[in-house]
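# Chains, contacts and geometry: an overview
Now for the letters of each chain:
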Amino acid sequence: MSLEQLIHDCKKNDIKAQEQLYRQYAPKMFSVCLKYSRNYAEAQDHLQDGFLLVFEKITSFEFKGSFDGWIKRVMVNQVLQQYRNKSFLSPIDEDIADEVEVEIEEDVSMEFLMKIIQELPDRYRLVFNLNVFENYSHQEIADALGITVGTSKSNLSRAKMILKEKIESRNVGAGNVKMPSVK
């Protein structure tokens, strides 16, 4: 069955089509949810809630643009909705640190990077992921999370500092193989 037919069947609330769409997209969407979650169990919850929203909103998909991009946006927005209006996203009064560049002096596994990103406090993890992985501007992040641009910049800077410290502490005594910097 083509993707287009599968989507049309999902729009008709066909349970078998919904199951097939879930099986086809769940692995990819789980990795999206995992980036924004504190742990595996929370990511599973976000995935389930995200697919409920996908099936609720699938009638709004009009085959303009890619379905992959549409479903990813629904998932990211669903995860962000879980964090909106939480106290940890409240604007903070602090100086915005200079832009931090993180250079990794060793080959670092994706598993390790995901682990330390997940360990970031929520406000830093969300801003970091939106900026680095989704290429959101600070204005877009501020709008999405209901924070100020300055808070977005500050949270990104602090996230990078925390990641840099964790990577450097792991690299103590390790070899010096260059890896691309995170800006």
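Residues numbered from 1 in each chain as written. Predicted model: local features only at pLDDT ≥ 70, side-chain atom pairs only at ≥ 80, totals over all residues. Heavy atoms only, no water.

### Examining the overall build of the chain
- A count of helices and strands for the chain gives eight helices and two strands.
- Taken over 183 residues, the chain has a buried fraction of 43%.
- Contacts in the chain between residues at least 24 apart in sequence constitute 72% of all its contacts with a sequence separation of at least 6.
- Accessible surface for the chain amounts to roughly 10200 Å². Of this, 49% is attributable to carbon and sulfur atoms. (Helix = DSSP H or I, 4+ residues; strand = E, 2+ residues; numbered from the N terminus. Buried < 20%, exposed > 50% of the residue type's maximum accessible area, 1.4 Å probe, protein only. Contact = heavy atoms within 4.5 Å. Areas by Shrake-Rupley, 256 points an atom, 1.4 Å probe, with all protein chains shown as cover.)

### Focus on the environment of Cys 10
- Among the structural elements, Cys 10 can be located in helix α1 (residues 3–11).
- Assessed through its relative accessible area of 1%, Cys 10 is described here as buried.
- Beyond its immediate sequence surroundings of up to four residues, Cys 10 is in contact with Ala 17, Gln 18, Leu 21, Phe 55 and Ile 58.

### Details of the pattern of salt bridges
- According to the stated counting rule, one finds ten salt bridges in the structure shown.
- For the salt bridge of Glu 19 with Arg 23, the shortest nitrogen-to-oxygen distance reads 2.8 Å. Within this pair, Glu 19 and its partner Arg 23 are both found in helix α2 (residues 15–36), separated by four residues, close to a single helical turn.
- Taking the relative accessible area as the measure of exposure, Arg 23 reaches 60% and is therefore exposed.
- Where Glu 119 meets Lys 166, a salt bridge forms, and the shortest distance between an N and an O atom there is 2.8 Å. Taken as a pair, Glu 119 in the loop between α5 (110–118) and α6 (122–132) and Lys 166 in helix α8 (residues 149–171) lie far apart in primary sequence, 47 residues in all.
- Residue class for Glu 119 comes out partly exposed when judged on its relative accessible area of 40%.
- By relative accessible area, Lys 166 is classed as partly exposed at 25%.
- One network of salt bridges, with partners in common, ties together Arg 38, Glu 42, Asp 122 and Arg 125. (Salt bridge = Lys/Arg side-chain N within 4 Å of Asp/Glu carboxyl O.)

### Observations concerning the confidence of the model for the chain
- Residues of the chain with pLDDT of at least 70 account for 81%, and the chain-wide mean is 84.
- Confidence scores differ between elements of the chain, with strand β2 (residues 179–182) showing the lowest mean pLDDT of 47 and α1 the highest of 96.
- Throughout residues 87–97 the model reports pLDDT below 50, and contacts reaching past four residues in sequence, or to other chains, amount to 24 contacts.
- Contacts of residues 175–180 to residues separated by more than four positions or lying in other chains number 14 contacts, the stretch itself having pLDDT below 50. (pLDDT = per-residue confidence, 0-100.)

### Things to note about unusual backbone geometry
- Of note, Asn 13 is a non-glycine position whose phi angle comes to about 60 degrees, a positive value.
- Tracing the backbone through its elements, the reader meets Asn 13 in the loop between α1 and α2.
- The phi dihedral of Asn 135 falls on the positive side, at around 60 degrees, and the residue is not glycine.

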